[in-house]
8 protein chains.
Amino acid sequence: MDIKKLLEGVKAGAISVEEAETKLKMKPFDDLRYAIIDHHRQIRSGCPEVIYCAGKTVAQVEGIIRNMLENDSDILATRASEEIAQAVLALHPEAEWNPSARTIVIRRRSAAQAGEGRILVITAGTSDMPVADEAVVTAEFLGNKVERLCDVGVAGLHRLLSKLERIASANVIIVIAGMEGALASVVGGLTDKPVIAVPTSVGYGASFGGVAALLSMLNSCANSVAVVNIDNGFGAACIASSINRINR
Amino acid sequence: MDIKKLLEGVKAGAISVEEAETKLKMKPFDDLRYAIIDHHRQIRSGCPEVIYCAGKTVAQVEGIIRNMLENDSDILATRASEEIAQAVLALHPEAEWNPSARTIVIRRRSAAQAGEGRILVITAGTSDMPVADEAVVTAEFLGNKVERLCDVGVAGLHRLLSKLERIASANVIIVIAGMEGALASVVGGLTDKPVIAVPTSVGYGASFGGVAALLSMLNSCANSVAVVNIDNGFGAACIASSINRINR
Amino acid sequence: MDIKKLLEGVKAGAISVEEAETKLKMKPFDDLRYAIIDHHRQIRSGCPEVIYCAGKTVAQVEGIIRNMLENDSDILATRASEEIAQAVLALHPEAEWNPSARTIVIRRRSAAQAGEGRILVITAGTSDMPVADEAVVTAEFLGNKVERLCDVGVAGLHRLLSKLERIASANVIIVIAGMEGALASVVGGLTDKPVIAVPTSVGYGASFGGVAALLSMLNSCANSVAVVNIDNGFGAACIASSINRINR
Amino acid sequence: MDIKKLLEGVKAGAISVEEAETKLKMKPFDDLRYAIIDHHRQIRSGCPEVIYCAGKTVAQVEGIIRNMLENDSDILATRASEEIAQAVLALHPEAEWNPSARTIVIRRRSAAQAGEGRILVITAGTSDMPVADEAVVTAEFLGNKVERLCDVGVAGLHRLLSKLERIASANVIIVIAGMEGALASVVGGLTDKPVIAVPTSVGYGASFGGVAALLSMLNSCANSVAVVNIDNGFGAACIASSINRINR
Amino acid sequence: MDIKKLLEGVKAGAISVEEAETKLKMKPFDDLRYAIIDHHRQIRSGCPEVIYCAGKTVAQVEGIIRNMLENDSDILATRASEEIAQAVLALHPEAEWNPSARTIVIRRRSAAQAGEGRILVITAGTSDMPVADEAVVTAEFLGNKVERLCDVGVAGLHRLLSKLERIASANVIIVIAGMEGALASVVGGLTDKPVIAVPTSVGYGASFGGVAALLSMLNSCANSVAVVNIDNGFGAACIASSINRINR
Amino acid sequence: MDIKKLLEGVKAGAISVEEAETKLKMKPFDDLRYAIIDHHRQIRSGCPEVIYCAGKTVAQVEGIIRNMLENDSDILATRASEEIAQAVLALHPEAEWNPSARTIVIRRRSAAQAGEGRILVITAGTSDMPVADEAVVTAEFLGNKVERLCDVGVAGLHRLLSKLERIASANVIIVIAGMEGALASVVGGLTDKPVIAVPTSVGYGASFGGVAALLSMLNSCANSVAVVNIDNGFGAACIASSINRINR
Amino acid sequence: MDIKKLLEGVKAGAISVEEAETKLKMKPFDDLRYAIIDHHRQIRSGCPEVIYCAGKTVAQVEGIIRNMLENDSDILATRASEEIAQAVLALHPEAEWNPSARTIVIRRRSAAQAGEGRILVITAGTSDMPVADEAVVTAEFLGNKVERLCDVGVAGLHRLLSKLERIASANVIIVIAGMEGALASVVGGLTDKPVIAVPTSVGYGASFGGVAALLSMLNSCANSVAVVNIDNGFGAACIASSINRINR
Amino acid sequence: MDIKKLLEGVKAGAISVEEAETKLKMKPFDDLRYAIIDHHRQIRSGCPEVIYCAGKTVAQVEGIIRNMLENDSDILATRASEEIAQAVLALHPEAEWNPSARTIVIRRRSAAQAGEGRILVITAGTSDMPVADEAVVTAEFLGNKVERLCDVGVAGLHRLLSKLERIASANVIIVIAGMEGALASVVGGLTDKPVIAVPTSVGYGASFGGVAALLSMLNSCANSVAVVNIDNGFGAACIASSINRINR
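Residues numbered from 1 in each chain as written. Chains lettered and ligands numbered in written order. Predicted model: local features only at pLDDT ≥ 70, side-chain atom pairs only at ≥ 80, totals over all residues. Heavy atoms only, no water.

Draft legend 1. Examining the packing of aromatic side chains more closely. Counting across every chain of the model gives eight aromatic pairs over all chains. When the ring centre of Y204(F) is taken as reference, the NZ or CZ atom of R79(D) above it lies at 4.1 Å. (Phe/Tyr/Trp six-rings, centres within 6.5 Å; stacked < 30°, edge-to-face > 60°. Lys NZ or Arg CZ within 6 Å of the ring centre and 35° of its normal.)

See the structure below:
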């Protein structure tokens with residue numbers, strides 16, 4: 001529904017007041033819908049669509065991507081299995097598949113830059129790397145400069161303490177840790193920047209698939225720590241990117 | 001330990017290389033300690049100390065505040081019982097006690113302004129107000145402009161939808177909700193700004209003291225939502241403030 | 001915003017197309033808001049407002065009720081403490097306070113009748129009665145005919161089996177039970193009517209405040225059982241009433 | 001036991017009072033049994049038997065279906081694996097297997113129509129479709145008119161808001177959502193019809209296999225929402241159908 | 001309904017077959033009801049009624065007891081608060097109130113003896129005594145010979161091992177333990193008699209109100225251990241008594 | 001250590017008092033050990049050894065069985081995989097493997113009869129059969145007469161109610177049910193015999209692998225119900241057998 | 001039973017071999033019992049008895065202490081309420097009551113010294129002090145040298161890092177922390193001494209009464225960390241003391 | 001950074017005071033880092049590096065081991081799959097792979113001996129052996145004398161009681177048990193040595209993957225018991241080794 005045309009029709013007498021009122025009441029969201037899509041999907045700002053592959057069939061993902069390719073959209077697919085990746089590569093050989101991050105990226109336009117600020121992605125251990133990879137791919141896809149700091153878990157504190165400058169110079173910090181997730185509190189205590197904590201399912205026994213790290217992070221004694229779902233590198237990158245865009 | 005003096009002593013031959021080496025190894029954190037305090041406690045940036053009163057005796061809180069008053073610090077005390085508030089008011093009648101927020105604020109200096117950006121605090125229902133009050137008092141204490149949007153729970157969606165402009169114009173949004181906590185996802189879907197979600201213990205039965213809202217927010221289908229602990233209005237304000245300061 | 005006036009203004013040329021377009025986009029929900037209130041709050045159908053008192057101060061509840069009395073609304077307040085009840089009775093002595101149900105009802109208009117169908121409220125034991133009382137008060141307030149069947153827990157099955165006729169003649173059945181909550185499955189197996197199951201916090205130890213009954217009801221081997229929150233007699237009555245109104 | 005024949009035997013003196021008394025006491029449920037089957041299984045109302053395949057061997061399912069085919073029953077089998085489906089198709093090639101819904105339907109009679117009212121099945125995302133498919137197949141099997149509304153999760157609210165008319169025109173609404181399950185509350189706030197909420201196991205990490213959505217739905221701030229077990233599309237359709245039949 | 005009279009009426013022609021058939025179908029449980037009460041409530045075996053006081057008002061308990069006193073029943077009331085006990089003592093000064101067990105016993109008839117076998121009640125620590133007292137009062141009320149073995153927790157194994165004879169000579173053993181509940185497994189390994197394990201809420205922190213002991217007992221590596229609810233001394237005595245009556 | 005020989009040595013002066021004292025203090029359990037084995041393993045009563053296969057390798061199970069065969073023991077192996085069963089059948093072709101119960105039985109002596117009393121095993125649904133099979137095989141192996149009552153879940157109550165005689169004539173009743181586990185309470189209300197309840201992992205979603213049934217059974221409103229671990233048909237049979245042996 | 005006397009009786013012919021054999025089999029633990037008490041209660045090593053007051057009545061605690069005073073025992077009572085403390089002080093005015101630690105100590109003998117090694121008790125925050133006090137009182141009561149390091153939570157890491165020497169010089173370290181409990185991992189990474197971690201119930205919301213800290217500590221990425229129950233300062237001191245005694 | 005060289009440069013005037021100050025502030029942890037590695041990784045004490053293989057790819061483990069082989073380090077790899085083991089054996093055929101413990105050990109130097117004291121590893125059942133194997137391999141790798149006591153679960157207490165001497169002669173005891181984990185309490189009651197308890201995931205149903213044993217051990221009524229994560233044989237050996245080294 002084109003509100004302007006409708007109003008012009010009313011002005012011109014081609015559409016009665018009553019008819020226009022009904023249309024406006026019945027479909028009041030048509031316009032807003034696109035506005036929200038604009039905002040949310042950032043069509044105007046060149047920000048790409050994201051496909052969450054888990055729970056979708058190969059055929060469904062193929063269908064969505066074919067559609068988006070026709071519209072020349074940039075594409076990010078997350079949680080993509082190898083089977084899905086192969087199908088997408090068959091469709092579009094230029095797609096970049098990252099098997100550790102489980103992401104597929106297709107770039108059709110040049111990315112809008114999110115600004116000068118950097119997002120720093122810190123991981124506690126080697127096993128947290130796939131989640132970090134998802135965060136890095138996502139944050140870069142959203143136009144951010146991203147830096148990594150790996151394997152700096154709190155049991156060997158000196159490794160982290162030797163990198164204070166890099167922590168100090170980031171705009172936002174994503175801390176990714178499994179097991180007891182203590183790294184989020186320690187980093188949070190070393191910076192005044194917002195810390196987005198990602199618990200990972202790394203661990204066994206009483207880690208309960210990441211619950212120990214999740215609870216640890218939610219109860220952080222450092223003040224500026226907020227938490228996303230277990231293994232949710234994608235979500236951490238999204239909010240870090242939205243933070244990184246502020247006041248740009 | 002004054003590193004500069006030490007080094008000058010080494011240069012001057014007053015201190016041997018071995019002695020200096022030992023001192024530097026034994027107390028390598030003296031300097032850094034103050035630097036971290038600077039950063040964390042923001043001594044240089046005029047940011048005030050915070051006293052978490054829960055689990056402290058009245059005498060302990062009195063002692064800390066007396067000390068801080070002597071140092072002319074600005075003071076924020078959270079989770080203050082009426083008993084603690086009365087004791088602090090007896091010490092310092094100008095203290096501002098907010099019984100709903102359970103906060104005590106003592107201002108000795110004018111607050112550093114965090115910038116032009118506003119923090120928007122949205123609550124789902126009337127019962128979430130004490131948590132919102134804690135967030136508002138904290139965010140203002142940290143020098144932010146804060147705005148509120150109350151009682152806009154998702155069961156009456158029109159109330160929220162009529163306020164889209166206010167949502168669009170904030171820098172950061174704090175969403176405070178108990179029960180099923182769905183408001184965080186709905187707000188997250190209506191904005192591209194970072195959303196800090198605070199689950200509250202409002203509810204009964206299977207809300208499990210805020211766990212239902214917490215899980216709901218952690219599983220938000222909106223991308224830019226991060227979560228703090230149940231009823232943690234203070235922590236939400238801290239990270240929102242640290243976000244609001246970025247790129248200022 | 002009055003859409004009709006706006007459109008008439010456009011037709012008359014008093015409001016430009018652009019101005020009207022802006023207003024419609026900026027506040028598209030003003031009209032809808034009232035329509036949704038109509039639906040949800042059932043202003044047109046004579047259905048009363050409901051005040052959930054838990055987490056509200058006495059002053060807040062008084063304020064809301066004073067407002068509603070001025071508007072001649074029918075009022076239902078749930079989870080009302082004795083302190084709140086006394087305050088409301090002081091305001092309006094005709095208010096009906098049910099201390100077991102913890103409800104306050106104020107009737108200003110005659111209730112719209114929900115139809116011929118009856119809602120049957122079945123309880124397993126004496127301790128489940130407060131929840132049943134809340135359900136009965138609510139369902140009657142919403143204009144339904146309500147019948148009760150008490151203390152028919154499955155450990156004495158004959159009590160229930162002797163009442164099959166009453167079960168058969170109801171439109172909707174609310175089953176209220178704590179402990180192991182088995183009554184919902186047994187009743188569900190004896191009827192083809194929809195069963196709304198309410199777990200109660202009656203029990204101790206491994207009942208975990210109603211969780212045992214909740215899980216039992218969610219896993220019912222009877223097909224037509226749906227569940228509401230622990231101790232949520234109000235909610236059960238609401239959905240039972242909405243069912244009882246269908247096809248009236 | 002045929003009570004009438006027994007009584008005639010007593011009247012005729014062929015059966016002694018004592019013998020009859022013993023029979024009536026010993027097997028008082030024979031008659032009732034069939035009456036309950038009537039009610040429960042709806043033999044009189046043309047409603048078909050349902051086989052829950054999970055935990056049954058292929059041979060067991062085959063045996064049950066062979067038996068039912070001999071009795072010319074309509075058949076619905078749920079949670080049927082491909083292996084079971086192939087075995088049933090071998091037995092009865094006209095069987096309709098829906099691999100997404102995991103259902104097998106065999107129609108021998110024309111379905112009794114449940115009435116004019118429609119059941120509306122709403123899903124939040126693409127991954128919730130198998131549960132929706134089970135609900136739709138079941139509801140149609142039970143003789144209901146069913147309509148779908150897909151992929152209208154709350155993160156893109158406009159999609160849902162543009163369909164208010166369809167929501168308004170249904171008799172009962174089944175809302176199917178995983179992750180944070182907020183859709184149930186939002187739909188519940190937009191309608192006065194009964195909402196049956198189905199949490200799904202869609203999600204990861206702190207969704208705990210559907211627990212987050214389950215708790216969210218149980219704590220819905222919308223009043224007329226009742227909940228069935230995680231992924232229980234079948235059960236939702238059963239109670240929706242029993243609601244849809246009322247006052248027909 | 002008196003089935004015999006009905007049948008005699010049919011035989012005599014005073015009642016038609018159809019009328020009798022209707023009565024038998026409509027109220028088929030009247031007779032059975034009493035038979036089940038007989039069985040369950042053990043009217044024939046002189047076994048007394050039991051009143052679970054938790055969740056009942058003083059007035060409700062008084063009413064039930066007054067009724068039972070008129071019928072000369074023996075009475076056991078469990079979970080009786082001091083307030084309830086005082087009210088019952090006012091009604092019937094001969095009532096025996098056990099404040100530790102929270103039981104009230106009123107004896108009007110001499111107890112039926114359950115047989116020669118003894119029930120042995122073993123407790124791990126002093127804090128488990130109230131639960132043991134409830135078990136002992138109940139078991140004696142049901143006519144059993146009961147013996148106790150106290151404070152024989154596994155941290156001082158010698159205390160238990162010095163009592164093997166008493167363990168060997170009991171018919172059934174009730175093991176009552178909080179904290180880690182290990183006593184049930186140890187006793188279960190020392191006897192071939194049935195062991196009924198009662199977890200208690202004794203403990204703190206990760207005992208979770210008895211959950212640790214409950215899980216411990218459910219996972220006992222000793223084979224002949226079955227478990228009742230946390231703090232359920234009454235239930236343990238009931239099943240122990242039903243075991244003690246077998247083959248008498 | 002042979003206590004008798006030792007004492008005879010002391011008497012004969014061949015062993016000094018001090019040496020004997022040391023031996024008795026150092027190894028005081030050698031004798032008792034065998035006595036406990038007697039009791040526990042029931043060597044004297046002809047009761048067989050039991051091998052729990054889960055977590056044992058094929059080689060370990062083979063080794064144990066070879067050993068026992070040499071000692072002419074009767075053997076029961078539980079939780080035996082097909083791989084283990086094939087290995088045992090290769091060792092001893094007369095072994096009876098029950099793939100549903102996952103048991104292997106090897107009989108070398110005729111079973112000691114546990115007495116006249118019968119154990120009745122009741123199951124709610126077809127999917128509970130493997131657990132029932134384990135219970136039946138075990139109870140028979142321990143020398144008990146066992147009877148079954150299958151598929152009498154509470155959603156079709158008439159099926160159970162038509163079998164009251166069989167319930168009444170058993171010595172002990174094992175009730176096996178998954179989903180909401182309500183059958184235990186219903187059976188417990190229909191009998192004065194001890195009921196051993198076995199929750200099963202049958203169900204999905206909020207059944208949490210049998211937790212819903214477990215909690216339901218622990219909170220049974222019927223008094224004489226005790227519970228064993230989820231899917232523990234073996235343990236239920238053991239305690240039922242120990243009950244069935246009492247007062248024989 | 002005096003084994004030596006028994007054996008002398010056998011040697012002397014005063015006791016028959018059979019009689020002695022029976023006695024030895026019947027009461028084989030009399031001797032061992034005292035030996036175990038020796039070991040466990042450390043009668044020989046001058047180590048005092050401990051009374052856990054929670055769940056004991058004032059009269060019970062008074063009785064135990066009166067008894068022990070008569071035996072001139074040293075006494076430690078833990079979890080003592082003020083009411084119990086006042087009663088004990090009335091009995092024995094020299095008793096030392098520590099209201100923060102909730103301990104009562106009565107010294108009759110000089111403590112056996114556990115050795116040169118020190119136990120270091122580290123706390124994260126002020127609110128953890130009562131648990132630390134219980135640990136310190138207990139460890140000193142058991143004869144250990146104890147040192148404290150307070151308020152060194154990981155959010156201000158410099159405070160901890162400035163105390164590395166004290167950490168390095170302890171024999172055993174007790175780390176006491178609530179909220180996210182990260183301090184245990186950080187300390188564990190800074191030392192090669194055994195770390196006993198005590199989670200405390202300090203925190204709110206998703207700390208779940210200490211569960212977050214407990215899980216964090218159980219999943220510590222530092223290797224030499226073992227954990228005791230929430231708030232169990234006493235237990236931590238016991239095991240630390242037993243470690244401190246090794247190889248003394 | 002070599003502090004000594006830096007200081008000599010300052011002394012010699014080759015490095016300015018300011019430059020040195022900056023370097024020391026910027027990288028204050030370089031030296032400490034190695035010191036901590038020294039301590040933690042025990043380079044000076046000949047203690048080997050440990051590789052936790054879970055969550056690492058084969059290539060990552062190969063890379064780390066190749067590196068360490070070049071440095072002539074002793075190597076312990078835990079949680080090594082067969083695939084990883086084969087890759088490591090291909091690299092270094094002298095590697096010792098223990099498939100039950102899932103460990104790989106490569107010895108290049110002779111182990112530093114931890115002292116005379118022995119670590120005793122006690123297991124409840126055969127299925128706990130892999131965890132015990134991991135503990136034994138680790139403890140021996142760290143230079144400890146290790147002894148085992150297997151299959152002494154509490155259901156056959158005599159087996160344990162016959163080994164009191166071995167328990168008494170150990171320095172530290174590791175107790176490994178699944179199911180109800182009662183062995184930790186029983187052993188803790190029989191010794192005054194520190195007990196490190198390892199819950200295992202052995203069990204089913206309500207053992208919840210080791211949670212029942214974990215809670216049991218955390219709630220031990222024996223005082224000197226501390227607990228590590230479920231199945232964490234490695235961690236238990238680490239802390240036992242650190243205990244065994246004290247006062248050596």
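Draft legend 2. Examining the environment of I174(G) more closely. All names here are of chain G. Summarising the element assignment, I174 is placed in strand 7 (residues 172-177). Judged by relative accessible area, which is 0%, I174 ranks as buried. Considering only alpha carbons, one finds I174 and T200, 26 residues apart in sequence, at a separation of 12 Å. Once you skip the residues sitting within four places of it in the chain, I174 turns out to touch I119, L120, V121, I122, I196, V198, A236, A237 and A240. (Helix = DSSP H or I, 4+ residues; strand = E, 2+ residues; numbered from the N terminus. Buried < 20%, exposed > 50% of the residue type's maximum accessible area, 1.4 Å probe, protein only. Contact = heavy atoms within 4.5 Å.)

Draft legend 3. View of the pattern of salt bridges. On inspection of all chains with the given rule, the structure shows 50 salt bridges over all chains. A salt bridge links R159(E) to D151(E); the nearest nitrogen and oxygen atoms lie 3.9 Å apart. Classification of R159(E) as partly exposed rests on a relative accessible area of 22%. The class of D151(E) is partly exposed, set by a relative accessible area of 35%. Counted as one network, the salt bridges with shared partners bring together R118(A), E147(A) and R166(A). (Salt bridge = Lys/Arg side-chain N within 4 Å of Asp/Glu carboxyl O.)

Draft legend 4. Quick look at the packing of helix 4 (residues 58-70) of chain F against helix 5 (residues 82-91) of chain F. Residue and element names in this part refer to chain F. Between helix 4 and helix 5, whose axes approach to 10 Å, the crossing angle comes to 35°. Pair helix 4 / helix 5 crosses with right-handed handedness. In this structure, helix 4 contributes V58, V61, E62, I65 and R66 to the contact, and helix 5 contributes E83, I84, A87, V88 and L91. Of the residues contributing to the contact of helix 4 with helix 5, the split by class is seven nonpolar, no polar and three charged. (Axes fitted to C-alpha atoms, helices over the stretch in contact; angles between N-to-C directions. Left-handed = near helix turned anticlockwise from the far one by under 90°. Nonpolar A, V, L, I, M, F, W, Y, C, P; charged D, E, K, R; others polar.)

Draft legend 5. Layout of the environment of T126(A). For T126(A), the position within the fold is in the loop between strand 5 (118-123) and helix 6 (129-141). Taking C-alpha positions, T126(A) is 9.7 Å from G153(A), a pair spaced 27 residues apart along the chain. If we ignore the near neighbours within four places in the chain, the residues touching T126(A) are D151(A), K56(H) and Q60(H).

Draft legend 6. Structural view of the environment of G181(D). All names here are of chain D. Position of G181 relative to the elements: it lies in the loop between strand 7 (172-177) and helix 9 (183-190). Exposure remark for G181: the relative accessible area of 1% places this residue in the buried category. Sequence separation between G181 and E8 is 173 residues; the distance between their C-alpha atoms is 60 Å. Ignoring any residue separated from it by four or fewer positions in sequence, one finds G181 in contact with A213, S216 and M217.

Draft legend 7. Quick peek at the side chain of S207(B). Structurally, the position occupied by S207(B) is in the loop between strand 8 (195-199) and helix 10 (211-218). In this structure S207(B) touches V202(B), A212(B), N229(C) and N219(D), once residues within four positions along its chain are discounted.

Draft legend 8. View of helix 4 of chain F. All names here are of chain F. Between its first and last C-alpha atoms helix 4 spans 18 Å; for 13 residues at 1.5 Å apiece the expected length is 18 Å, and the two agree. All of the buried residues along helix 4 are V61, I65, M68 and L69. Along the axis of helix 4, the buried positions cluster into a sector of 100°, meaning they face one direction only. Facing away from the buried side of helix 4 by over 90 degrees, the exposed positions are A59 and E70. Backbone geometry just after helix 4 places D72 at a positive phi near 60°. (Expected span 1.5 Å × (residues − 1). Arc of directions from axis to C-beta.)

Draft legend 9. Expanded view of unusual backbone geometry. Phi is positive for R102(F), close to 60°, though the residue is something other than glycine. By secondary structure assignment, the location of R102(F) is in the loop between strand 3 (96-98) and strand 4 (103-106). Taking relative accessible area as the criterion, R102(F) reaches 37% and is therefore assigned partly exposed. Positive phi is not limited to glycine here, since D231(H) has a value of about 65°. Mapped onto the secondary structure, D231(H) falls in the loop between strand 9 (225-227) and helix 11 (233-245).

Draft legend 10. View of the packing of helix 6 of chain A against helix 11 (residues 233-245) of chain A. All names here are of chain A. Following both chains from N to C, one finds helix 6 and helix 11 inclined at 35°, their axes separated by 7 Å at the closest point. The way helix 6 lies across helix 11 gives a crossing that is right-handed. Contact with helix 6, carried on its side by V131, E134, A135, T138 and A139, involves G233, F234, A237 and C238 of helix 11 and no other residues of that element. Considering only residue class, the contact of helix 6 with helix 11 consists of six nonpolar, two polar and one charged.

Remember that the coordinates give geometry; whether it matters functionally is a separate question.
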